[in-house]
Amino acid sequence: MTRRSITKRAAIVTATAFVAVGTVSAGVGLAGQESSKGTSKKQVAALFDTWNAALQTGDPDKVADLYAKNAVLLPTVSNKIRTDRAEIVDYFDHFLQNKPVGKKIHTIVDIVDGNSAIDTGVYEFTLTDPDTGEKRVVEARYTYAYEKTDGKWLIVNHHSSAMPEG
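The structure reproduced in this document is the subject of the present report. Because the structure is a prediction, the values reported are computed rather than measured. (Residues numbered from 1 in each chain as written. Predicted model: local features only at pLDDT ≥ 70, side-chain atom pairs only at ≥ 80, totals over all residues. Heavy atoms only, no water.)

**Points about the pairing of strand E2 (residues 101-113)**
Item 1. Pairing of E2 with strand E3 (residues 116-128) involves eleven bridges; the strand directions are antiparallel. Its bridge partner being in E3, Val109 is matched across the sheet by Asp119.
Item 2. Remark: two residues form the turn of the hairpin made by E2 and E3, two consecutive strands paired antiparallel. (Pairing = 2+ DSSP bridges. Helix = DSSP H or I, 4+ residues; strand = E, 2+ residues; numbered from the N terminus.)

**Observations concerning helix H3 (residues 47-56)**
Item 1. Among all positions in H3, only Leu47, Phe48, Trp51, Asn52, Ala54 and Leu55 are buried. Each buried residue of H3 sits inside an arc of 155° when the element is viewed along its axis, so together they form one side.
Item 2. Directly beyond the C-terminal end of H3, a positive phi value near 75° is found at Gly58. (Buried < 20%, exposed > 50% of the residue type's maximum accessible area, 1.4 Å probe, protein only. Arc of directions from axis to C-beta.)

**Here's the deal with the nonpolar core**
Item 1. Counting residues in hydrophobic clusters, the biggest one holds 37 residues, and the most contacted among them are Trp51, Val63, Tyr67, Phe92 and Tyr144.
Item 2. With residues up to four places along the chain from it excluded, the contact list for Phe92 reads Trp51, Leu55, Pro60, Val63, Tyr67 and Leu73. (Core = buried A, V, L, I, M, F, W, Y, C linked by side-chain atoms within 4.5 Å. Contact = heavy atoms within 4.5 Å.)

Here it is as structure tokens:
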């Protein structure tokens, strides 16, 4: 994939996230909404559950397996942009030490076409300090851009940022 197409995809993700935030609706309420290709918004929203389950394994490789080869990760608790598998594995190697358990608070799904979808919203993570065992909850905004490759939905762009007003 060329840098131009990555830039175009990032612009689409950003524009969709902006529109999604401007058209906030309460709750998850996605059942029965389908694209012309048969992929439902509920199915796309559930991809988060697969990702969250991979976090629960504690294995950064299992989490990275859910990302496309050329994925971009803008993580919540790191200033470094991750643009390849090794960098994504490295991020999750550190993040998973906090035993994160995620939960969606609000989600907005857009089926772009039969092979592309965007899930944007707010989620929270319960994190456990590996030294003290103390738990804390972090709320963040997120955007997952997915593409279907060889019949499997993969994350091509994942942006997560802590809420500015805590």
